[in-house]
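Summary of the model geometry
Read off the chains here:
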Amino acid sequence: MLGRKAVVELVKDQMFPAWHDERDRLDRIDRWYRWKQDDIKLPRRATPELRALAEMSKIPWLGLVVTSVSQCMYVDGYRSPTLDSARPDGEVSPAWKTWHANGFDQRQIAIHRAALAYGYSYVRVLPGEDHEGKRSVMRGVSPRKCYALYQDPADDDWPMYVIQVAKADKGGYLISLFDEEDVHYVSMDSSTSKPEWISAETHGAGVTPFIRYSNMLDLEGRSTGEVEPFIPAAARVNKTSFDRLVTQHFSSWKVRTVSGMAQPDTEEEANRKKLQLRQEDLLVAEDPDTKFGTLDESPLTGFIDSWRSDVEALAAVTQTPTHTLTGQLVNLSAEALAAARAGLTQKVAERQKSFGRSHGQTLRLSALLEGHEDEARDVLARVTWQDMEVRSISQAVDAWGKAATMLQVPVQALWQRLPGVEKSDVDEWERMAEHADPVARMTKTLADQASPAG
């Protein structure tokens, strides 16, 4: 257990400076992830027109990259090969109840998005209660608001210490330092950067109650997101867009020229002599040496081709289907569409493995805090992911129908494979099928009568 002095020293000398440095890095990622990318470098005396065009050229490409992955990842169930068969028909796993009680059917989306964008995110699990008794409280935590210290960031499941940082109403920060036993509350003045210990309480989790969700964790404990490595590629696309906008704004039309004509003496006279030419009008000059001509507009084709090439390069390095970024999808067969999405499909499958392990760790800790020891020790339990593959329902029914008839795969095992079908739908279908099947009802009745409880 940390004493007051140790807490203050840990926060001041190690945890808060590390959080502050990491926050600066994550803030830049956040700008590119959202819509506040770095400004295009302009001349010091750039006109308001150029600055407006530079602002117009910013497009949140990397936010779309994150979205394309996040929208393919949705947890819709929790299964245990060892415990599910022992439960009475229709009984829901306690862990899955806790999942829904904490609103994780919706909160999971923000957790996934943060991990994809910044490289990692956290879920905090603490003891709690509801009308049914013990119920863990699970909440997602942004990495911009906390910092975790691991002894070995590559191998350790649990951090040694975690700080959560919140801004105080009158300036400064309110810091919560978590360890394996307690949570310590510390205040810090922004001007002096001197922390002051406020209070402490036991959280009761038995571990530092933060679970890390990693996008791509390597053997050195680094986890890269879907934004930071691709900032240069996205910046190049924005620069090409800016060049096209400048050319389009200043040089995309023909310029009429006149030579051999006397220049008006004053600006007022020049404005008076300007003509609004109609299609049938002719220009005639008294001086035979006067010549009329035009300067051609600057073609935009090269800029458009360069922009498309830059977007395709961004799509390639991020494993994002090109049509997702360009919006161009013309007469693609099912096989061509599957090939176009192959890279994204593989990336999503890899992220599901990583996030699925973290979800399992979250639910096991939750079960431990609620007193469900069998659930807490069940390392084989896993979350299931809804099939979000983009394809028509007729294609899916045809493919899985053939699996049922040709390979003798049980039909009920294939219901969850249909696009847009969640686990709750499958459970309802199973109850309806059992109610409609007289043989199944009789078998269940006989089984209930033969059981010791009957």
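Anyway, here's the lowdown on the structure attached to this text.

Here is what the cut-offs are and how they apply
Here the residue index of a chain counts from 1 through its sequence in written order. Local features in this predicted model are restricted to residues whose pLDDT is 70 or higher, and side-chain atom pairs enter the listing and the counts only when it is 80 or higher, whereas totals over whole chains, interfaces and linings include all residues. To obtain the side-chain values, all non-hydrogen atoms of the structure were included, while hydrogens and water were left out. Here an axis means a line fitted to C-alpha atoms, over the contact stretch when the element is a helix, while the angle between two N-to-C directions is reported on a 0 to 180 degree scale. A helix here means a DSSP run of H or I that spans at least four residues, while a strand means a run of E at least two residues long, and both kinds are numbered starting from the N terminus. We call two directions roughly parallel when the angle between them is under 35 degrees, roughly antiparallel when it is over 145, roughly perpendicular when it lies between 65 and 115, and oblique otherwise. Residue contacts are counted whenever heavy atoms from the two residues lie within 4.5 Å of one another. Classification convention: Asp, Glu, Lys, Arg as charged; Ala, Val, Leu, Ile, Met, Phe, Trp, Tyr, Cys, Pro as nonpolar; all other residues, Gly among them, as polar. Using a 1 Å grid laid over the protein atoms alone, points where a 1.4 Å probe fits but cannot get out form a cavity; open sets with protein on both sides within 12 Å along at least 5 of 7 lines form a pocket; any residue with an atom within 4 Å of a point counts as lining. Grid points are joined across faces, edges and corners, and a volume is the space filled by probe spheres set on the points. Helix span, expected: 1.5 Å multiplied by one less than the number of residues in the helix. The patches reported here contain residues having more than 30% relative accessible area and no salt bridge. Joining distances are 9 Å for like charges and 5 Å for nonpolar side chains (Val, Leu, Ile, Met, Phe, Trp, Tyr). With residues, only the protein chains shown are counted as cover, and all accessible areas are computed by Shrake-Rupley using a 1.4 Å probe. Here, a salt bridge means any Lys or Arg side-chain nitrogen found within 4 Å of an Asp or Glu carboxyl oxygen. Burial classification: accessible surface area is computed with a 1.4 Å probe over protein chains only, and a residue below 20% of its type maximum counts as buried, one above 50% as exposed, and the rest as partly exposed. We treat two strands as partners when DSSP finds at least two bridges between them. Polar contact criterion, stated in full: a pair of N or O atoms within 3.5 Å, where within protein one must be able to donate a hydrogen and the other to accept it, and residues adjacent in sequence count only if both atoms are side-chain atoms. Among buried residues, those of type Ala, Val, Leu, Ile, Met, Phe, Trp, Tyr and Cys that are joined through side-chain atoms within 4.5 Å constitute a nonpolar core.

Contact geometry of helix H1 (residues 4-33) with helix H5 (residues 104-118) gives a least axis separation of 10 Å together with a crossing angle of 110 degrees. When the interaxial angle is binned, H1 and H5 end up roughly perpendicular. Here H1 contributes Arg 25, Leu 26, Ile 29, Asp 30 and Tyr 33 to the contact with H5, which in turn contributes Arg 113, Ala 117 and Tyr 118. Among the residues forming the contact of H1 with H5, the class breakdown is five nonpolar, no polar and three charged.

The subject of this paragraph is empty space enclosed by the protein. Evaluation of the coordinates by the stated rule reveals one cavity of 30 Å³ or more. Lining the largest cavity are Arg 25, Ile 29, Ala 117, Tyr 118, Gly 119, Ser 223, Thr 224, Gly 225, Val 227 and Glu 228. Elements with a contribution of two residues or more to the lining of the largest cavity: H1 and H5. Residues of the lining of the largest cavity, tallied by class, amount to four nonpolar, four polar and two charged.

It is worth spelling out helix H6 (residues 231-251) at this point. Along its 21 residues, H6 runs 30 Å from first to last C-alpha, staying within 8% of the 30 Å computed at 1.5 Å per residue. Where H6 is buried, its residues contact H1, helix H2 (48-56), helix H3 (61-70) and helix H8 (301-318).

Our next topic: a nonpolar patch on the surface. Judged by side-chain polarity, Trp 253, Val 255 and Leu 295 come together as a nonpolar surface patch covering roughly 290 Å² of accessible area. On the accessibility criterion, Trp 253 (44% relative accessible area) is partly exposed.

Our focus in this paragraph is the sheet that holds strand E5 (residues 137-141). A sheet is described by the order of its strands in space; here three strands give the open sequence E5-E2-E11, paired in antiparallel fashion. With partners counted over all chains shown, the strands left at the sheet margins are E5 and strand E11 (210-214), one partner each. Neighbour-to-neighbour, the strand axes of this sheet turn through a mean angle of 25 degrees, independent of strand direction. Where strand E2 (residues 120-126) and E11 come together, five bridges link them in antiparallel fashion.

Moving on, we get to the side chain of Arg 135. One can find Arg 135 in the loop between strand E4 (133-134) and E5. There is a polar contact of 2.6 Å between the side chain of Arg 135 and the side chain of Glu 132. Apart from residues lying up to four places away in sequence, Arg 135 is in contact with Pro 94, Lys 97, Thr 98, Ala 101, Pro 127, Gly 128, Glu 129, Asp 130 and Glu 370.

Now for the pattern of salt bridges. Side-chain pairing between opposite charges can occur once the charged atoms of the two side chains come close. The final tally for this structure, using the stated rule, is 22 salt bridges. Taking the shortest distance from any N to any O, the salt bridge between Glu 220 and Arg 222 comes out at 3.6 Å. Here Arg 222 falls in the partly exposed class, since its relative accessible area comes to 48%.

Attention now goes to the nonpolar core. Grouped together as the largest cluster of nonpolar side chains are 59 residues, with contacts concentrated most on Leu 62, Tyr 122 and Val 227. Considering each element in turn, this core owes the most residues, seven residues, to H5. When neighbours within four sequence positions are excluded, Leu 62 is seen to be in contact with Trp 32, Glu 226, Val 227, Phe 230, Ile 231, Ala 234 and Leu 314. By size, the runner-up hydrophobic cluster in this structure holds 16 residues, among which are Leu 2, Leu 10, Val 11 and Phe 16.

Now for the environment of Lys 254. Here Lys 254 shows up in the loop between H6 and strand E12 (255-259). The spatial distance from the C-alpha of Lys 254 to the C-alpha of Leu 295 is 5.6 Å, given a sequence separation of 41 residues. Here Lys 254 is in contact with Leu 295, Asp 296 and Glu 297, once residues within four sequence places are set aside.

On to the environment of Gly 172, then. Tracing the backbone shows Gly 172 in the loop between strand E7 (161-167) and strand E8 (173-178). The exposure class of Gly 172 is buried, given its relative accessible area of 9%. With residues near it in sequence (within four places) discarded, Gly 172 still touches Ala 166, Lys 167, Met 188, Asp 189 and Ser 190.

By the element assignment, Val 165 lies in strand E7. Remark: the alpha-carbon pair of Val 165 and Ile 175, spanning ten residues in sequence, is separated by 4.7 Å. Contact partners of Val 165, with chain neighbours within four places excluded, come to Phe 16, Trp 19, Lys 145, Tyr 173, Leu 174 and Ile 175.

By themselves these figures say nothing about function.
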